[in-house]
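Now for the letters of each chain:
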Amino acid sequence: MKLPQFELHRPNSVDGASQLLTELGDDASAYSGGTELLLAMKLGLIKSRHLVDLKPLAELRGIELRPGGVWIGAGVTHREIESSPAIRAVLPPLAGMASQIANVRVRAIGTIGGNLCFADPNSDPATLLSALGARLRARVNGESVEFSPEEFIEGPYQTLLRPGDLLLGVWIPALPAGSAAVHLRMKIHERPSVTVAALVGVTRGEVVAARLAVGSVGPKVLQVELGEELRGLSGVGFSTRVRSLMALLAGSIPLLPERPESPEYQRHLVRLLGARALEAGLEGARN
Amino acid sequence: MSPVTVQAVVNGDQVKRSIPPNLLLIDFLRDEMGLTGTKQSCEVEVCGACTVLVDDEPVSSCCYLAADIDQRRVETVEGLVGTPFHNRVVEAFLRHAAVQCGFCTPGLLLTAKAMARREAAPTELELREALAGNLCRCTGYHSVLQALAEVLGSEGPA
Amino acid sequence: MAAVTTPERPVVATAVGREVERADARVKLNGQAEFTGDIRVPGMLYGAVLRSPVARARITRVDVEAALALDGVVAVLTGQDLLDMDPYYGHALRDRPIVAIDEVRFVGEPVAVVAARTLAVAEEARNLIEVAYDLQAPVASLEAAVRSDAPQVHTTRARPGFAHGLGQLPDPEGNVCYRYGFTTGDVSADFAGADVVVEGEYRFPAVYQYSLETHSVVADYRGDEVTIWASCQHPFLVRQEIADLFDLNLDRVRVVVPYLGGGFGSKSYTKMEPIAVAISRKARRPVRVVNRVDESMVTTRRHNMVCRMRTAAAADGTLLAREADFWLDTGAYADNGPRVTATAGDAAPGPYRWRSVRVDGRCVYTNTAPAGSYRAFGAIHLQWIGELQVDEIAHKLGLDPLEFRCRNLLPVGGEVRAGAKPLDADLVGDLRKVAEAIDWGAPRPPGRGVGLSVGLLAAGAHPVSMATVRLGADGGATVLVGTTELGQGARTAMAQIAAEVLALPPHQVVVRGTDTQYTPYDRSTGASRSTTVAGKAVELAARDVLASLVETAATKLDSDAPLSARDGGITDGERWISHQELIRARFGFAGGELVGQGRVQPSRGSGSYAEGPVFWEVCLAAAEVEVDPATGVVHVMRTASVADVGRAINPQLIRRQDEGATLQAIGNALFEEMHYDPEGLLLNDTLLDYRIPSTLDVPEQMTCVIVENEDGPGPFGAKGCGEGAFAGVTAAIATAVAAAGVPMRELPMTPERVWRRLQERGTVEQTGELR
């Protein structure tokens, strides 16, 4: 397989890249790691005549530990995330998730920003970021705007960015004291079939906050706040409530059509993994 | 298409070429450089047969622009030959007969090289996970895991 | 003249039975091993194949004008270019045109081929070819194909091919292109009188062999000769098929086989070679054609199958009778389907002492990609079904599956099939060995299961192989043998065999790749035949050389004592002369060489290998699995397989064969499956959606028990291996999953299918815990 013909542009600033992408419009694609884009172009699924290379842009690089959280530039690779001492210390589930993406080669060059912008529904990062309450900062019409991951990704391969807009990076708040985050997924084929992530906070052993995100099954990440439903619960009461909540959620979550696994089985996995993630979240938050 | 100039170090040699921007690294290596040790198989970044190192990181050369090796170092199996690492790998692979058809072998060695550089004595699980992106249909992997565990100084499978 | 005992007489260890270094390992570890796709011939063009996007249609128009107009395009081949020849080929049935003529029969069928100066141009030109199709409803499944009103995939009857080895081919019936069956005893009476009868309908998936190297060919047609470099397993059959197609003499077709990047059956018989030769003929230039993976997936695959089986037993634990009806989906062209059907039929009863058996297998055309050979074909299709039924009966009778099997298995010398070679292996002994390797009797926690399986595979194919051994004046030997090195270690094993006869160190024996111009005839590399059949030819060729050495030595030593090869020379027990010295003595100067010939041919009958087999390959294994009742995920924890090899030429290579087969078995048993939509479109045609086993699927323990009873027909009592474990482990995983409480009737046992089965059986609460 060969790549179709295209012009390769290498702007030297985010402003320049944005301007170029605005001018070229639908004929152009922002090009970062290329693990998804070049593949899609080889397969004839994307026919951009211009690639605007974002890799050299220092503004999109870097992992910074800041008060209250971590900033990850859109051009940071999965490999950098999984091996970052800062992320390993502050957000171990994020490092763990990044270490499970595809394979070592994809992680070495694939970027967090590229992953989010490509918006492949069968993918882990957006789901975990959603549960973590991450904010995606993008340059939209020249302005810096923040979104949640579930807002940012509108559907399969569709974000709210328009030509000329760029994702700059991701702000992930540090885990609140007494809370834990858990990411679980089931991989049957090369890409995840079900992804769930939970964030659970406890005070004196009882739940005070809970959030669940479900991805890889539907057209976009579904995030639900379960703090109200689970507040004050622990032990058997928590488990019972989680089970009934998950049955409800799994029964109603929108699914993508034409998947190798049946809707029934996918809903079963959502229910199962969601409950496991919340249980593990509670367990983790107590320790 | 406007050609792009790449200036890179391939297996220790300075290379400067003007190439079309849509040229894939695997085609640059195999067709332009004659480095046919790098193999093409799945073409979708899954099998690992086309693995080469760019600035010490393993990449799928089937989905990597040759234009992007500009100002970087590229290492293929041909560049490994004769290095102490390769000598150790060869001895271990021979001991365990961990080569069969050999089509996956070059990519596998480069993944192992990248691993050797950053991970001292990986656990068996780490080894399995690091190699999970290099498919082999012949060996059943057991001998490969044993050989690389020896090379990387870790506990191999039973 | 006094005997010359050179002071530097070496000590040469015996070559056979040793784990000698693979002859090809270093060149492969250095990235220097040459594969077909690495070959560039001066003036070579690149080929790109246009394939049908629809499963069944009439071609009403093909317009190649725009493609031909593209700069760099040299030639475009379509069905219209084949009107001056008989373009149909197929070693079993000549049912397949080189490229589609007037109609297409599956998605992916080649319709046109472009040759251009670069691959990029060839691909671009291919996309400019316009084809108009008059669509017809496809026959996209076995069920659709066997309906009485089903459209015919082929409306004309194909001539038989030259190498099916199946005797008189029966008339086709509808879409059934071949039928194989037999009956012994009174089946109805035995079922009527049985105490226990189990029965069911079972399904086996279409799977893809996935050798990492795809089908690759370089063809160079000049004048009335053609040279082909091909990733093929059967170069001599390819030569014959190309000669037939293009009306050339055999010696005008030269097939050269470099290293193969795996085969597993996918490169057996003729695949992309006719297309490459035809486009080279038209372009008058050498052309390289290398498939993408999605193209190789529609070039060949394994047959999917539906099977109805029932088995009867007496209450005292005696197996009585078995009936098997099965339908194999061979896709749009027969390829090796008839042979697969016959081998499946032979495997259907399983190696037990039946009173009566009825087997009826059909090979069925559908509008899907052609199915052919894949490691352990036939046996892998039927063994898991028969063994599940054996376990089901044991369970109903409250008998231990191991003892139940041992009680009913055929003894050595038993009749496997009327007219065929009697059983040449000790199955009870083998079974007890794998049972021990897996701690058969040990207690297991819930969710775990241990399974056994026993089967046989008719191995050896048609036993015709020749070999030449050349011993040079320096004492080094070259072996010319047609076995292709596809990763199995053939060159290493052949070197060991010749080295053993001539008492040379194995590294002093070189085995070259096949070049039909120089290499003597060998039927094929497959059916676990190489060590046994081609290896025997090598042994005989080496013995031919040895006879010359002994003849010269007898003169030189002037001795009546028996002479034998030892330490790179000939000895009478006391005195020793090196091979070099003997060659010098024979030719009178430091040159010349001894050339030996070896030949293996059928020892009886008409030579049809239906009368064989050369040997029965044992397919025998045990597995331990863990089933996650919540997700349905099956984890294979331990496996044990038997390599009943007669004599192990190289034990390490044998273990590698069984380990490789074990991982393929895990894929076939648990997750590999090609999915077709109702229109006959393959849905998962990349490795993103078709998963094969990785390092994460390797069981914690894989044991390969090597059994050496020196009872094989090959060199030093050897017989082949490498396929049996595939059928054996697949079936053992199925029986182990059943033992864990989930008897499955469909492969692969995907998480969803296992989960559903658990739901049906009602053993799982909503929490997903086993009750």
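Just so you know, these numbers come straight off a predicted model, no measurement behind them.

Calculation notes
Residues take numbers from 1 onward in each chain, read along the sequence in its written order. Each chain gets a letter, beginning with A, and each ligand a number, beginning with 1, in the order they are written. Per-residue local features of the predicted model are confined to residues with pLDDT of at least 70, and side-chain atom pairs are confined, for both listing and counting, to 80 or more; whole-chain, interface and lining totals are unaffected and use all residues. Helix and strand assignments come from DSSP, with helices taken as H or I runs of at least 4 residues and strands as E runs of at least 2, each series counted from the N terminus. Only C-alpha atoms enter the radius of gyration; for comparison, a globular chain is expected to reach 2.2 Å times N to the power 0.38, where N is the number of residues. Whether a residue is buried, exposed or partly exposed is read from the other C-beta atoms within 10 Å of its own C-beta, which are placed from the backbone; 20 or more gives buried, 12 or fewer gives exposed, and intermediate counts give partly exposed. We call two residues in contact whenever the C-beta atoms placed from their backbones are within 7 Å. Domain extents, as shown, originate in an automatic or database domain assignment. Note on residue categories: nonpolar means Ala, Val, Leu, Ile, Met, Phe, Trp, Tyr, Cys or Pro, charged means Asp, Glu, Lys or Arg, and polar means any other residue, Gly included. When DSSP locates at least two bridges between a pair of strands, those strands are taken to pair.

Turning our attention to the overall build of chain B. Along the backbone of chain B there are six helices and five strands. In chain B, the succession of helices and strands from N to C terminus is β-β-α-β-β-β-α-α-α-α-α. A globule of 158 residues ought to have a C-alpha radius of gyration of about 15 Å, and chain B, at 16 Å, matches this closely. A principal-axis box enclosing the C-alpha atoms of chain B has dimensions of 55 × 30 × 25 Å. Per-residue burial over chain B gives 63% buried out of 158 residues. A separation of at least 24 residues holds for 62% of the contacts in chain B among residues at least 6 apart in sequence.

Another aspect to go through is the domain arrangement of chain C. Residue and element names in this part refer to chain C. Examined at the domain level, chain C breaks down into domain 1 (25-33 + 464-600) and domain 2 (384-460 + 609-761). In this complex, domain 1 contributes 16 residues to the contact, which on the side of domain 2 involves 19 residues. When residues of the side of domain 1 that touches domain 2 are traced back to their parent elements, those giving at least two are α13 (490-502) and α14 (530-557). In terms of residue class, the side of domain 1 that touches domain 2 is made up of four nonpolar, nine polar and three charged.

In this section: the interface of chain A and chain B. Listed per partner, the contact involves 19 residues of chain A and 25 residues of chain B. Counting only elements with at least two residues in the side of chain A that touches chain B, the list comes to β1 (7-9), α2 (37-42) and α6 (104-109) of chain A. Per-element tally for the side of chain A that touches chain B: the top contributor is α6(A), with five residues. Looking at the side of chain A that touches chain B residue by residue, the class counts come to 11 nonpolar, four polar and four charged.

All names here are of chain C. With six of eight residues buried, helix α3 (residues 119-126) lies mostly within the body of the structure. Taken together, the buried positions of α3 are occupied by Ala-120, Val-121, Ala-122, Glu-124, Ala-125 and Arg-126. Buried positions along α3 lie against β1 (45-51), α2 (65-69), β3 (73-78) and β8 (110-116).

Residue and element names in this part refer to chain A. Taken across its 10 residues, strand β13 (residues 206-215) has seven buried, putting it largely inside the fold. Pairing geometry for strand β12 (residues 192-203) and β13, over nine bridges, is antiparallel. Considered in β13, the bridge of Gly-201 is made with Ala-209. What sits between β12 and β13 in their antiparallel hairpin is a turn of two residues, with Arg-204 showing a positive phi close to 45°. Across four bridges, β13 lies against strand β14 (residues 222-225) in antiparallel orientation. Looking at the pairing, Ala-213 lines up with Gln-223 of β14. Hairpin connection between β13 and β14: a loop of six residues separates the two successive antiparallel strands, and Ser-216 in this loop has a positive phi of roughly 70°.

Further remarks concern the domain arrangement of chain B. Residue and element names in this part refer to chain B. When its domains are assigned, chain B resolves into domain 1 (4-79) and domain 2 (80-151). Computed over C-alpha atoms, the centres of domain 1 and domain 2 are 21 Å apart. Counting residues at the interface gives 18 residues for domain 1, matched by 16 residues for domain 2. Contributing elements (two or more residues each) for the side of domain 1 that touches domain 2: β3 (51-54), β4 (57-60) and α2 (77-80).

For the rest of this paragraph, the subject is the interface of chain C and chain B. Taken residue by residue, the interface counts 44 residues in chain C and 38 residues in chain B. When contributions to the side of chain C that touches chain B are tallied by element, the ones reaching two or more residues are α1 (25-29), α16 (651-670) and β30 (701-707) of chain C. Sorting elements by how many residues they give to the side of chain C that touches chain B places α16(C) first, with seven residues.

Summarising burial for helix α6 (residues 142-151) of chain B: eight of the 10 residues are buried, a large majority. Downstream of α6(B) by a residue or two, B:Gly153 has a phi angle that is positive, lying close to 70°.

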